[in-house]
Amino acid sequence: MASTSISRRHFLVAGSTVTGSFVLGLPVFTIARAELADGTFGERQIGYFVEITPKGKVIIGSHQPEIGQGLRTALPMMVAEELDVEWHDVSIRQMPLGIVKTADGYGWKYGGQGVGGSTGLTSNWQFMRHVGAQARHQLIRAAAERLGVSSEACSTRPGYVVCDASNGEIAYADLVEDAAKLDMPEQAPPLKAMRDYRIIGTRRDTIDALDMVTGRSKFGLDTQVDGMRYAVIARSPILNGRVKSFDDAAARKVNGVLDVFTIEGPEPGEPYVILASGVAVVAASTWSAMQGRDALEIEWEPGPNADDSSERFWQENAAMLETTGQIVLDDGDFDAAMADADKVVSRRYEVPFVSHQPMEPQNCFARVEKDYCHIIAPTQMPAGASRAAAAVTGLPRENIRIDMTRVGGGFGRRLTNDYVAEVAMISKQTGWPIQLVWSREDDVKNDFYRPGGLHELRAGVDGDGTVTAWTQRLASGSKYYRRPNMPTENLWQAELYPDDFPRRIIDNFRLEYFHNAIGLPRGSWRAPAHTANAFVIESFLDELAVETGQDPLQLRLDLLGEERELEYDGHGGPTFNPGRVSRLLKFVAERIGYGEVRPAGTGVGIAGHFTFGGYAAHAFEVRVDERGELSIDRIVAAIDCGYAVHPNAVEAQLQGATVDGISVAMGQEITVHNGRVRQSNFHDYPLARITQIPTDFEAHVLNYDETPTGVGEVGIPPVAPALTNAIYAASGVRIRKLPIGDQLRKAMAI
Amino acid sequence: MTSFKVNGQTVTFDGDSETPLLWVLRDHLKLTGTKFSCGMGLCGACVVHLDGRAAASCRIPVATLESRSVTTIEGLAPGDDKLHAVQKAWIELDVAQCGYCQSGQIMAAVDFLERYPEPSDADIDANLSSMLCRCGTYVRIRKAIHRAAEIAREEGRRG
Ligand code: FES
Ligand code: FES
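Residues numbered from 1 in each chain as written. Chains lettered and ligands numbered in written order. Predicted model: local features only at pLDDT ≥ 70, side-chain atom pairs only at ≥ 80, totals over all residues. Heavy atoms only, no water.

Some remarks on the packing of aromatic side chains
Residue and element names in this part refer to chain A.
Here is step 1 of the chain: For the coordinates displayed, the defined rule picks out 17 aromatic pairs over all chains.
Here is step 2 of the chain: Their ring planes at 80° and their centres at 5.9 Å tell us that Phe49 and Tyr110 sit as a pair that is edge-to-face. Remark: Tyr110 occurs in the loop between strand S8 (105-108) and helix H2 (122-147) and Phe49 occurs in strand S4 (residues 46-52); sequence separation between them is 61 residues.
Here is step 3 of the chain: Tyr110 sits in the buried class, given a relative accessible area of 2%.
Here is step 4 of the chain: With a centroid separation of 6.4 Å and an interplanar angle of 55°, the aromatic rings of Tyr197 and Tyr643 are classed as tilted. Taken as a pair, Tyr197 in the loop between helix H3 (176-181) and helix H4 (209-214) and Tyr643 in the loop between strand S30 (630-640) and helix H15 (647-666) lie far apart in primary sequence, 446 residues in all.
Here is step 5 of the chain: Exposure remark for Tyr643: the relative accessible area of 10% places this residue in the buried category.
Here is step 6 of the chain: Three or more aromatic residues joined by ring pairs form one cluster here, namely Tyr568, Phe576, Phe610 and Tyr615.
Here is step 7 of the chain: Here the basic side chain of Arg229 rests over the ring of Trp432, its NZ or CZ set 4.4 Å away from the ring centre.
Here is step 8 of the chain: Across from the ring centre of Trp525, 5.8 Å away, lies the NZ or CZ of Arg450, which sits over that ring. (Phe/Tyr/Trp six-rings, centres within 6.5 Å; stacked < 30°, edge-to-face > 60°. Helix = DSSP H or I, 4+ residues; strand = E, 2+ residues; numbered from the N terminus. Buried < 20%, exposed > 50% of the residue type's maximum accessible area, 1.4 Å probe, protein only. Lys NZ or Arg CZ within 6 Å of the ring centre and 35° of its normal.)

Section: the pairing of strand S24 (residues 467-476) of chain A
Residues and elements named next belong to chain A.
Here is step 1 of the chain: Across the ten residues of S24, nine count as buried, placing the element largely inside the fold.
Here is step 2 of the chain: Taken together, the nine bridges between strand S23 (residues 453-461) and S24 define a ladder with antiparallel strand orientation. Residue pairing for S24: Ala459 is matched across the bridge by Trp470.
Here is step 3 of the chain: Here S23 hands over to S24 after five residues, with Gly465 in that stretch at a positive phi of 90°.
Here is step 4 of the chain: Where S24 and strand S25 (residues 508-515) come together, eight bridges link them in parallel fashion. Across the sheet, Ser476 pairs through a bridge with His515, a residue of S25. (Pairing = 2+ DSSP bridges.)

Regarding the interface of chain B and chain A
Here is step 1 of the chain: Across the boundary between the two partners, chain B contributes 52 residues, which contact 59 residues of chain A.
Here is step 2 of the chain: For the pair chain B and chain A, the two sides together bury roughly 4,700 Å², of which 56% comes from carbon and sulfur.
Here is step 3 of the chain: Seen at the junction of chain B and chain A, the total is five salt bridges.
Here is step 4 of the chain: For the salt bridge of Glu651 of chain A with Arg140 of chain B, the shortest nitrogen-to-oxygen distance reads 2.5 Å.
Here is step 5 of the chain: Between the two partners, chain B and chain A, sit 30 residue pairs in polar contact (both at pLDDT 80 or more).
Here is step 6 of the chain: Elements with a minimum of two residues in the side of chain B that touches chain A: helix H1 (21-28), helix H2 (85-92), helix H3 (102-115), helix H4 (121-128) and helix H5 (138-158) of chain B.
Here is step 7 of the chain: Examining the composition of the side of chain B that touches chain A, we find that five residues originate from one element, H5 of chain B, more than from any other.
Here is step 8 of the chain: When its residues are assigned to classes, the side of chain B that touches chain A shows 25 nonpolar, twelve polar and 15 charged. (Contact = heavy atoms within 4.5 Å. Buried area = accessible area lost by both parts, 1.4 Å probe. Salt bridge = Lys/Arg side-chain N within 4 Å of Asp/Glu carboxyl O. Polar contact = N/O pair within 3.5 Å; in protein donor to acceptor, adjacent residues only side chain to side chain. Nonpolar A, V, L, I, M, F, W, Y, C, P; charged D, E, K, R; others polar.)

Description of H3 of chain B
At 3.6 residues per turn, the α-helix brings residues three or four places apart onto the same side.
Residues and elements named next belong to chain B.
Here is step 1 of the chain: The end-to-end C-alpha distance of H3 is 20 Å, a good match for the 20 Å that 14 residues give at a rise of 1.5 Å each.
Here is step 2 of the chain: Counted residue by residue, H3 has twelve buried out of 14 residues, so it is predominantly covered.
Here is step 3 of the chain: Within the sequence span of H3, burial applies to Gln102, Ser103, Gly104, Gln105, Ile106, Met107, Ala108, Ala109, Val110, Asp111, Phe112 and Leu113. (Expected span 1.5 Å × (residues − 1).)

Some thoughts on the domain arrangement of chain B
All names here are of chain B.
Here is step 1 of the chain: Each domain of chain B was delimited in the assignment, giving domain 1 (2-75) and domain 2 (85-154).
Here is step 2 of the chain: Here domain 1 and domain 2 have C-alpha centroids that lie 21 Å from each other.
Here is step 3 of the chain: The partner domain 2 presents 14 residues to the 16 residues of domain 1 that form the contact.
Here is step 4 of the chain: Taken together, the two surfaces of domain 1 and domain 2 that pack against each other cover about 1,200 Å², and 59% of this comes from carbon and sulfur.
Here is step 5 of the chain: In terms of surface lost to domain 2, no three residues of domain 1 exceed His49, Arg53 and Ile73, which account for 38% of the buried area on that side.
Here is step 6 of the chain: Put simply, domain 1 and domain 2 have two salt bridges between them.
Here is step 7 of the chain: If you look at where domain 1 meets domain 2, you find seven residue pairs in polar contact (both at pLDDT 80 or more).
Here is step 8 of the chain: When residues of the side of domain 1 that touches domain 2 are traced back to their parent elements, those giving at least two are strand S3 (47-50) and strand S4 (53-56).
Here is step 9 of the chain: Looking at side-chain class alone, the side of domain 1 that touches domain 2 contains seven nonpolar, seven polar and two charged residues. (Domains from an automatic or database assignment.)

Observations concerning the domain arrangement of chain A
All names here are of chain A.
Here is step 1 of the chain: The domain architecture assigned to chain A consists of domain 1 (8-213), domain 2 (220-304 + 362-437) and domain 3 (321-354 + 449-749).
Here is step 2 of the chain: On a C-alpha basis, the centres of domain 1 and domain 3 stand 41 Å from each other.
Here is step 3 of the chain: Taken together, the contact pairs 20 residues of domain 1 with 16 residues of domain 3.
Here is step 4 of the chain: Of the roughly 1,400 Å² buried between domain 1 and domain 3, counting both surfaces, carbon and sulfur atoms make up 63%.
Here is step 5 of the chain: The tally of links between domain 1 and domain 3 comes to zero salt bridges.
Here is step 6 of the chain: Our enumeration of links across domain 1 and domain 3 arrives at two residue pairs in polar contact (both at pLDDT 80 or more).
Here is step 7 of the chain: Within the residue set of the side of domain 1 that touches domain 3, elements represented by two or more residues are helix H1 (71-83) and H2.
Here is step 8 of the chain: Broken down by element, the residue count for the side of domain 1 that touches domain 3 peaks at four residues, all from H1.

A word on empty space enclosed by the protein
Here is step 1 of the chain: Per the stated rule, a full pass over the model turns up 13 cavities of 30 Å³ or more.
Here is step 2 of the chain: Within this model, the largest cavity holds a volume of roughly 140 Å³.
Here is step 3 of the chain: As for the largest cavity, its lining consists of 18 residues, and the residues nearest its centre are Gly68, Gly70, Thr206 and Ala649 of chain A together with Ala96 of chain B.
Here is step 4 of the chain: Sorting the residues of the lining of the largest cavity by element identifies H1 and H15 of chain A as the ones contributing at least two each.
Here is step 5 of the chain: Tallying contributions element by element places H15 of chain A first for the lining of the largest cavity, with three residues.
Here is step 6 of the chain: The class makeup of the residues in the lining of the largest cavity is four nonpolar, eight polar and six charged. (1 Å grid on protein atoms, 1.4 Å probe; cavity = no way out; pocket = protein on both sides within 12 Å on 5 of 7 lines; lining within 4 Å. Points joined across faces, edges and corners; volume = space filled by probe spheres on them.)

Focus: the side chain of Gln653 of chain A
Here is step 1 of the chain: By secondary structure assignment, the location of Gln653 of chain A is in helix H15.
Here is step 2 of the chain: Polar contacts involving the side chain of Gln653 of chain A include one to the side chain of Arg526 of chain A, which spans 3.3 Å.
Here is step 3 of the chain: With near-sequence residues (within four places) excluded, Gln653 of chain A lies in contact with Gly68, Gln69, Arg526, Val711 and Gly712 of chain A together with Gln97 of chain B.

Quick look at the structure:
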């Protein structure tokens, strides 16, 4: 087999399929195990990424999950650009998890698969372009040989190799057979210069757009398999509660109910494989399963968290902030600088627990057999799905096939594969192919919530308004609670990102953490702790400006300073350029008319943030009337993701992140009473509506250099503080507690 | 037993008469374009047309459907080359992100445009505020509705 090395991580090979296509991709280092019973493992020697059929069709393999971020379009754009084909000749095939048993563990036919941390595009940027360039190069070499010229004398136009010297032109389709036989050169061919791009950086039709508007797209819940049964689970309504006993007599009388049994939950405090103990109901239809569940009588063992409440959580946080916590970072001489300061400003902010609530509720399909398991999952992490299914079934992972569907929203919820484990348990127990369905209520009450916490920010300011000392003190329920092998002293790492602004800008800088062990499960919610930290830091900057008589924009620009690369060890590093935040802040301020005089009751707020390699800023213009009714009149948003591969999709992500930020700022909060989550559906856990989003909404994509960064999470952190800063400017009411809820109405009534 | 029409075809259902239309469509008729999200009439993901008007299929017991006519997203256009103006506008403006809410959004928009062929933004807000989208595609939905109205007018002129 021909091969070439493009990097230490990726090693490309080319070959042909039985039907005569040219394929190019990653080699599989050992012969995979023999054909499975249903023959579904498919192509084996190459984890291919590009296939050119003898008829000239170009099929690009999409190996990453599609959760609405547009990777199924952006990744193939990179291949098509370098391969030099027309976009409309390209089709996409979703590839399963490419796991293969090797002599020393597992190999990955398609490299890493999974989307989280906004890395889906950046981690594939070099690789996917190399795939396209290498395939093109092999076609050129095949054509050169046939024409009797050197490769250097040949170039391409979309779909053809052309040789000006010999007036020759050969379609890719006619070169497929020869190209498949060629050795791979030692040296990888060079990539195109950015100025030559025809596809990357332009607007392309979204793959699947037609399927999405005709109802044909298949999401997880749309999986249909012959003989499939439907399952729901009645999970413990009490955090860490357990099934004590249940009476299923009435449930079993429901027409269509086939089986009822207990699902064992995790031990309190242990890592989660699934979220909760419960009772599974299996039926011939979803409705029967739901009716059966409603008819169950379950007695719950309350367990250790039955007294947990939000009231207690906030009281405990406040009490902790009166003590000294874990000092996790201490730059300069904070105490001395505070003692020397002319003025000290201190504020507390409350950020609640929130839930993910993608529009597609959690669900999964499993067929567990004696020596084989098939999972069809809407997941962000197919390798995690494989681990979850292996843990439940005891099967070797190479005998577990993971197929990925289109995903009806991720937002971090589907980084965790608890629903895969649940459905594998049910299929294993019954021997049937099972689709597990969560209702909306299941989804609200059982989630890995974004942690809530109480933040105290304090700053020392000298006589001319320069901030000389800064501390953030946080009492929260760490996301790392119940993570395997997680030492207590590292719990803060999920909540405070030490290299975030204003570290290395304010010399005397301290971070302090207190952990609250409330029993709510927690996890990653779009841009994890950035949504909380950007809110408190950007709110506090505004308050500092007010306290010291400075302009909020100018104060930020003074602190951020010129463009320069500061060390940034966290995710999204290795550097952070504060000048790129300034650039966006100035841009949105100008577009919204920051300095203009506005009528009473109207105001503008701004905020910016750096997340996962990308930069964003927002400006909001709002009105608050005398009854405290808020209306958002204008939004200007800007993102700098380095280089936008598919600008139209980046704009969509920025628009969506802004709406998401409004949802979470306005009304979303998960609360606990007697160990139970209070909220249940969209009536008490509201998403933003079209009425809350102004028509006057600009979303700008501003390229910076030639390196794409993440996008999906970047646009959300500045939204809440830009909104609440605007509310202050309009009304004089400072929002220090999210969600905003009815605080304005109450404040204006006084 | 209930007998009614789905996308022009007569269907019968003899299970539990309380079964919501949503589950009859999805589990029994295998028409999975209509989506389940809240199950409580709170989000619009399951919107279909019932006798030509938008309705949340998760709140319609099958027993109430005798002799009535249902259109789902699968039956909205006669073919891919004859898409509805709303579907065309949705593709043109690239509205969908994850896409999960979009069947419902499109069915609701089609009904809305029949009632408001030249809508203002205020009309859109007043009539479609119950249609939720977690991906936040509202900005493009608004634009696409205006564009669909325009496409429909152009097609009307061409006959
Ligand atoms: S699923 Fe019917 S309105 Fe939400
Ligand atoms: S497009 Fe994802 S929920 Fe609307």
